[in-house]
Amino acid sequence: MDPNLLRYYREHGPMTEVRTKQDMVSNIPPDLETIVSYVQNVLLHQHWSGAYGVELNPARQREPFLRSFEEKLVFLSEKGYSHVSEQKPYPERMVGICRDFSVVGAALCREAGIPARARCGFATYFGPGKYEDHWVLEYWNEEQGRWVMVDAQLDELQRNVLKISFDPLDVGKDQFITAPRAWQMCRQGKADPELFGIFQWWGYDYLNCNLMLDVNSLLKMPMQPWDGWKGYKATAVQQWTEADFEVVDTLAELALSADENFPAFSQFVLGHDQIKVPADLTAVFNVND
């Protein structure tokens, strides 16, 4: 692996940097099991809250809208946290979604000096025969010389409910399909696009949504699923031309080989305003609105 690339993923991006709450993430050990426990200390998954006996009022349902790790740390500090290692009752944890578990995990890995990134794609372990929208943490295991995927969301309760038989600290490629790989699988006729999505949203529009999220996350800009900006992320696939499909097919191919040729991948994304997250985040809007 290119040392420059590992250095890149060891350093924070806009969504994981710590500006004012460094004391809350001091002395993070370079141990993934401990890091995952810290993630679970501070977050409660929005759609699993009932399983933990927590009812969410409208105000609490807005907590996942805080995008950055810094914003989350400020929020947690106001709720009484002084360090992410603190264990508090479920109602006192911050509400988030799978994206947040992965972004917080990446942030803590970087604080511990571990190259890491959040990955968007589809999991096979939430519903039989389905590829459901999901995010995982990916970190560089120096000893094994490979990227390892980690599902920081799967605590003991969720593992038992879902009957998880694999190690959440080493999620296999059959359990989690990255968005570029999912896009390519469907475009090549190897999978049914209607099996990819979540809730009432399935098919190529959701495949496109997660592809745009993942390629930007590979550039350390992991956005939220409802975030939209002018371009492919907010444009229905039915409105695309054949040229649009060619661009996105190329994007998926470059993303799949990003570790081998990161300059080509990054230049392609950053050279397409329809793909990259705008520099001015005030241009980002909620697609559900």
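Above: the structure in question.
A brief report on the enclosed structure follows.

About the criteria used
- Residues numbered from 1 in each chain as written.
- Predicted model: local features only at pLDDT ≥ 70, side-chain atom pairs only at ≥ 80, totals over all residues.
- Heavy atoms only, no water.
- Phe/Tyr/Trp six-rings, centres within 6.5 Å; stacked < 30°, edge-to-face > 60°.
- Buried < 20%, exposed > 50% of the residue type's maximum accessible area, 1.4 Å probe, protein only.
- Helix = DSSP H or I, 4+ residues; strand = E, 2+ residues; numbered from the N terminus.
- Lys NZ or Arg CZ within 6 Å of the ring centre and 35° of its normal.
- Contact = heavy atoms within 4.5 Å.
- Salt bridge = Lys/Arg side-chain N within 4 Å of Asp/Glu carboxyl O.
- Expected span 1.5 Å × (residues − 1).
- Pairing = 2+ DSSP bridges.

**Here's the deal with the packing of aromatic side chains**
Taken as a whole and assessed by the stated rule, the structure comprises 19 aromatic pairs. Judged by centre distance (5.0 Å) and plane angle (75°), the rings of tyrosine 8 and tyrosine 9 are edge-to-face. When its relative accessible area of 22% is taken as the criterion, tyrosine 8 is described as partly exposed. The class for tyrosine 9 is buried, based on a relative accessible area of 0%. Their ring planes at 45° and their centres at 4.6 Å tell us that tyrosine 52 and tyrosine 90 sit as a pair that is tilted. Here the residue tyrosine 52 occupies a position in the loop between β1 (43-45) and α3 (69-78), and tyrosine 90 occupies one in the loop between α3 and β2 (94-96), the gap between them amounting to 38 residues. With relative accessibility at 32%, the residue tyrosine 90 sits in the partly exposed group. Taken together, the aromatic side chains of Tyr8, Tyr9, Trp140, Trp147, Phe262 and Phe265 make up a single cluster linked through ring pairs. Above the face of the phenylalanine 65 ring, arginine 62 is positioned so that its terminal group lies 4.1 Å from the ring centre. Taking the ring centre of tryptophan 147 as reference, the NZ or CZ of arginine 117 above it sits at 3.8 Å.

**So, the environment of isoleucine 35**
Inspection of the secondary structure puts isoleucine 35 in helix α2 (residues 32-42). When near neighbours in sequence (up to four residues on either side) are disregarded, isoleucine 35 contacts Ile28, Pro29, Gly105, Leu108, Cys109, Ala112 and Ile114.

**Focus: the pattern of salt bridges**
For the structure shown, the criterion picks out 13 salt bridges. Where aspartate 249 meets arginine 187, a salt bridge forms, and the shortest distance between an N and an O atom there is 2.7 Å. One end of the pair, aspartate 249, is in helix α8 (residues 242-256); the other, arginine 187, is in helix α6 (residues 179-187), with 62 residues separating them in the sequence. Taken together, the shared-partner salt bridges in this structure form one network comprising Arg117, Arg119, Glu138, Asp214 and Asp259.

**Some remarks on α8**
Spanning 15 residues, α8 covers 21 Å between terminal C-alpha atoms, matching the ideal 21 Å at 1.5 Å per step. Along α8, the residues classified as buried are Asp244, Phe245, Val248, Leu251, Ala252, Leu254 and Ala255.

**Regarding the pairing of strand β3 (residues 116-123)**
Consecutive side chains of a regular strand alternate in pointing toward one face of the sheet and then the other. Burial analysis of β3 places 8 of its 8 residues in the buried class, the great majority of the element. Direction of pairing for β3 relative to strand β4 (residues 131-141): antiparallel, over a ladder of 8 bridges. Opposite phenylalanine 122, over in β4, you have aspartate 133 as the bridge partner. Of the strand pairs in this sheet, β3 and strand β6 (residues 176-178) are connected by 3 bridges, and their pairing is antiparallel.

Everything listed is a geometric property; what it means functionally is a separate question.
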